[in-house]
Amino acid sequence: MDIRTMLCWATVVTTVAGVRAADFQHELSGMKPWTSEQFLDDPQEFHFAVIPDRTGGERKGFFGKAMDSLNLLRPDFVMSVGDLVDGGGVPEPVLRAQWSELESFIARLQMPFFYVVGNHDIWTGFSGMTPARETSIKLWKKLHGHNTYYSFMYNGCLFVCLNSMETANYFPPREALSESQLEWAAQQFENHPEARWRFIFMHKPLDWTSDRWLTFERRILKYYYTVFCGDWHNHCKAVRNGKNYYMIGTAGGTFDRGVTRDDLRYGIMDSVTWVTMTKKGPVVANLALSGIYGDEIQR
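Here goes a summary of the coordinates provided.

Here is what the cut-offs are and how they apply
- Along each chain, residues carry numbers from 1 onward, in the same order as the chain's sequence is written.
- In keeping with the predicted nature of the model, local features appear solely for residues at pLDDT of at least 70, side-chain atom pairs appear and are counted solely at 80 or more, and the whole-chain, interface and lining totals rest on all residues.
- In computing side-chain values, all of the structure's heavy atoms are included and hydrogens and water are not.
- For this analysis, a ring pair means two rings from Phe, Tyr or Trp (six-membered ring only for Trp) whose centres lie within 6.5 Å, classed as stacked if their planes differ by under 30 degrees, edge-to-face if by over 60, and tilted for the remaining angles.
- Only runs of H or I of at least four residues qualify as helices and only runs of E of at least two qualify as strands under DSSP, and these elements are numbered from the N terminus.
- Each residue gets one of three labels from its accessible area relative to the maximum for its type: buried under 20%, exposed over 50%, partly exposed in between, using a 1.4 Å probe on protein chains only.
- In our convention, an over-ring charge means Lys NZ or Arg CZ found within 6 Å of a ring centre and within 35 degrees of that ring's normal.
- A side-chain nitrogen of Lys or Arg and a carboxyl oxygen of Asp or Glu constitute a salt bridge if their distance falls within 4 Å.

### Brief notes about the packing of aromatic side chains
Here comes step 1: Applying the stated rule across the entire model yields 32 aromatic pairs.
Here comes step 2: Measuring from centroid to centroid gives 5.2 Å for Phe48 and Phe159, while their planes differ by 75°, and the two rings are edge-to-face. Remark: Phe159 occurs in strand S4 (residues 157-161) and Phe48 occurs in strand S1 (residues 46-51); sequence separation between them is 111 residues. Exposure class is identical for Phe48 and Phe159. Each is buried.
Here comes step 3: Positioned over the ring face of Phe189 is Arg198, at 5.9 Å from the centre of the ring.

### Focus on the pattern of salt bridges
Here comes step 1: Scanning the model with the defined rule gives 15 salt bridges in all.
Here comes step 2: In this structure, the salt-bridge partner of Arg108 is Asp68, at a minimum N-O distance of 2.8 Å. Taken together, the residues span a long stretch of sequence, with Arg108 in the loop between helix H3 (92-106) and helix H4 (131-144) and Asp68 in helix H2 (residues 62-73) at a distance of 40 residues.
Here comes step 3: In this structure, the salt-bridge partner of Arg240 is Glu217, at a minimum N-O distance of 2.8 Å. A residue pair is termed long-range when its members are at least 10 positions apart, and Arg240 in strand S7 (residues 236-240) and Glu217 in helix H6 (residues 211-220) qualify at 23 residues.
Here comes step 4: Residue class for Glu217 comes out buried when judged on its relative accessible area of 5%.
Here comes step 5: Salt bridges here are not isolated pairs; linked through shared partners, they connect Arg54, Glu58, Lys60 and Glu101.

Here's what the structure looks like:
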């Protein structure tokens, strides 16, 4: 193998491995008409998106717009925070039709999509295991597998997806996340001490006030992590013990307060949340669907 062939082969290997060489070339000397040659091309940096609720009386067209926008943005993958179908104790054929409609939207995505349980996806149990709740659990497991909460690693980061609807008794005392689920979640943190960051995805922000969550939170405080949830249909950021907690809005879900269009006074807008993982931690941007267009601008 001559040196030219070796160099070409090295270039191919580098490209396949996803490690970018310095591709920037120029013939200028002295002062240059640009600001820096330090490009944002770190191979450890990656992007993912978080899709919010679409339920509670869906406004048609927005969730499909979100799918098309994500294909334009091209994140590595898409997370969710639950409430992807209306549910609501409807007969099983109606619930199946709702899931089929959802899957027709998600099938448009050109990257993986990760499901998280919301209170419309698995219906509220109130004071016991109602037939509607049992039907929704069985259908979830048939469509998405037995695990209603799970974790995975990606590019050195841990992703933990919780089920805010695990317990059947949904009224106070508010302990919707079982002790066993939170013990499992804490073990995921402890089993991956090498993770450079950890993300938690769940549906109910109210769960953050439960005694079990506070105990869990104290156990994981020594780690770097960020939490995302949905449910309330508006954007809000909280900082707890130096950790960022994000509640994100809607992609076609019901607007609260009688709002009929994006209203940033209340953090209300149809959007996708864009997360860039950097060496120093995640950078979060909320992108209004009203401002994401393809290469042809159309109303």
